[in-house]
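# Residue-level structural notes
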Amino acid sequence: MRKIALFFLLFSGIYNLSYGQADSLMSMLNSGSPQKKETVSATFKATRIINGCSVESLGAGVLDFRISHRFGQLNQGSQNFFGLDNATTRVGLDYGITKWLMIGIGHNTFNKEDDGFLKLRILKQQEHGIPITLSYVGAVSIQTTPAPALPAGDKWEFSNKLYYANQLLIARKFSKSISLQLMPTIIHYNLVDSSKFSNNTLAIGIGGRVKVSKRIAITGEYYYRLTNANMLYNGLPTYDAISIGIDIETGGHVFQLMLSNSQGMTERTFIGQTTDSWSKGALHFGFNISRVFTIIKPKEFRNSEGKGW
C-alpha cells in the first residue's frame, strides 16, 4: 500500500505541475502574447537513467560504445572483496540512425544473454508547448545458456530462449535541476518457472534525476510489478528492482555509478527476475561507461567545412 500511495503522490505532483503550466499558457494566450516554443534539451544526461532507458537518444550518425559492470553482493564479505570478485558485464553498441530513432545491441555475461533494442522518439518537450517527451522502446533478448537436462523424448525449443519487452517512456523536465520519467512496461517471457505464472509481466517504472552541482546529479529508478509480483526465477522468489546512482559529467561524457538489488542489465532480468532484496542487504555496486564516436557528420557540418566556421 505504501508503494501504491507513493505512485499516486508522484502522479498527483506531475499532474499539478502540468496543470499549473497549462493555466499559465492559457493566460498568455488570452493576453495575446504567444511565447516561442523552444525545444527542451537534456532531460537526462545519458541514454539510460540507471538500468532502464531514458528518453534521451543519440544524435544521427553517432555511435556509443558502452560497457556496464555489475558486481556481486556487497554482503558477501571480504572473502569475495564485498562482491567485487564476481562481476558481470554488458558490452554494447548503440547508434543514432536519425534524431528520432536509435538502435542498440549488446552481449551480457549474466546468463549469456544477447539483446537488441530500438528507441523511437514520438514527442519532444517544448517550452510553452508540448509538456512532455514521449518515446517508445522495443527490445528482444536471447538467453544462450545450454539447454537443461530434459526427460527422454522432450525437445528444447529455440523459442524458450526468447524474451520481449515494450515500454513507453514519458518524461518531463520540470526545471534545470529536476526531471522525472514514467515507464509503463510489458515483458513477455516465452518460458516461465511454472504454469501458475503469466507469460506477461506488467510493470510501471518511475525514474528521476536531481542535479546537485554543475557536473553531478543524483538518479533513482524503481519498477513496480503490477502482475507476477510473486513469480519465481530458478526456484527463487523475485523482488521489485530499486536502484540509486550518481551521474558525473566528465568532458562531454557521463560516468554513472550505482547501487541496485539487480545484477541483470536487460529489462527481462532487472524488472522480472531480480532475486536479491534491499532489505536483506543483497546489493550490487556497478557502473556504466561509454565512448561516443561521430560516424557520419550532420549535413549542416559537412556543408560548412572549408567556410571558416
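Up top is the structure.
A brief look at the structure comes next. Each chain carries its own residue numbering, running from 1 in the direction its sequence is written. Restriction of local features to residues with pLDDT of at least 70 applies here, the model being predicted, together with a cutoff of 80 or more for giving and counting side-chain atom pairs; totals for whole chains, interfaces and linings are based on all residues. Hydrogens and water are ignored here; the side-chain numbers use all heavy atoms of the structure.

Every helix listed is a DSSP run of H or I at least four residues long, and every strand listed is a run of E at least two residues long, numbered separately from the N terminus. As for its placement among the helices and strands, S262 is situated in the loop between strand 15 (253–260) and helix 2 (267–272). Per-residue accessibility, obtained with a 1.4 Å probe over protein chains only, is compared with the maximum for each type, and a residue is labelled buried under 20%, exposed over 50%, and partly exposed between these values. Since its relative accessible area comes to 2%, S262 is described here as buried. For the pair S262 and H284, spaced 22 residues apart in sequence, the C-alpha separation works out to 6.8 Å. Distance and chemistry together define a polar contact, namely a pair of N or O atoms within 3.5 Å, with one atom able to donate a hydrogen and the other to accept it when in protein, and with adjacent residues in sequence counting only for side-chain atoms on both sides. At a separation of 3.2 Å, a polar atom in the side chain of S262 contacts the side chain of T274.

Burial along strand 14 (residues 242–250) is one-sided: S243, G245, D247 and E249 are buried, while I242, I244, I246, I248 and T250, pointing the other way, are not. Two strands are said to pair when DSSP picks up at least two bridges between them. Relative to strand 14, strand 11 (residues 216–225) runs antiparallel, the two sharing seven bridges. From the neighbouring strand, Y222 faces strand 14, where its bridge partner is I242. Pairing of strand 14 with strand 15, which is carried by eight bridges, proceeds in the antiparallel orientation. Looking at strand 15, one finds that I248 is bridged to F255.

In this section: a nonpolar patch on the surface. Residues forming no salt bridge and having over 30% relative accessible area are the ones grouped into patches, like charges within 9 Å of each other and nonpolar side chains (Val, Leu, Ile, Met, Phe, Trp, Tyr) within 5 Å. Per-residue and other accessible areas were derived by the Shrake-Rupley procedure at a 1.4 Å probe size, with only the shown protein chains allowed to occlude residues. By salt bridge we mean one thing: a side-chain nitrogen of Lys or Arg within 4 Å of a carboxyl oxygen of Asp or Glu. On the surface, F65, V91, L93, I105, F293, I295 and I296 cluster together to form a nonpolar patch covering roughly 600 Å² of accessible area. Turning to its location among the elements, I295 is positioned in the loop between strand 16 (284–294) and helix 3 (299–304).

So, on to the sheet that holds strand 11. Around the barrel, which closes on itself, the 12 strands sit in the order 2-3-4-5-7-8-9-10-11-14-15-16 with antiparallel pairing between neighbours. Averaged over all neighbouring strand pairs, the angle between strand axes comes to 20°, with direction disregarded. Axis lines are fitted to C-alpha atoms, over the contacting stretch for helices. Their N-to-C directions set the angle, which ranges from 0 to 180 degrees.

On to the packing of aromatic side chains, then. Aromatic contacts are taken between Phe, Tyr and Trp rings whose centres are within 6.5 Å, Trp giving its six-membered ring; a plane angle under 30 degrees counts as stacked, one over 60 as edge-to-face, and the others as tilted. One pass over the structure, following the stated rule, counts five aromatic pairs. On the numbers, 6.0 Å between centres and 45° between planes, the contact of F255 with F287 is tilted. Note that F255 is positioned in strand 15 and F287 in strand 16, a separation of 32 residues in sequence. Accessibility expressed as a relative area gives 29% for F255, which makes it partly exposed. When its relative accessible area of 16% is taken as the criterion, F287 is described as buried. Here the guanidinium or amino end of R48 rests over the ring plane of F117, the centre of that ring lying 5.5 Å away. Charges are assigned to positions over rings by a cutoff of 6 Å between ring centre and Lys NZ or Arg CZ, combined with an angular limit of 35 degrees from the ring normal.

Taken as a whole and assessed by the stated rule, the structure comprises six salt bridges. Here R66 makes a salt bridge to D64, at a shortest N to O gap of 3.2 Å. Relative accessible area serves as the criterion here: at 2%, D64 is assigned to the buried category. When the shortest N-O distance is used, the salt bridge between R90 and D115 registers 2.9 Å.

Keep in mind that these numbers describe shape and distance, not what the molecule does.
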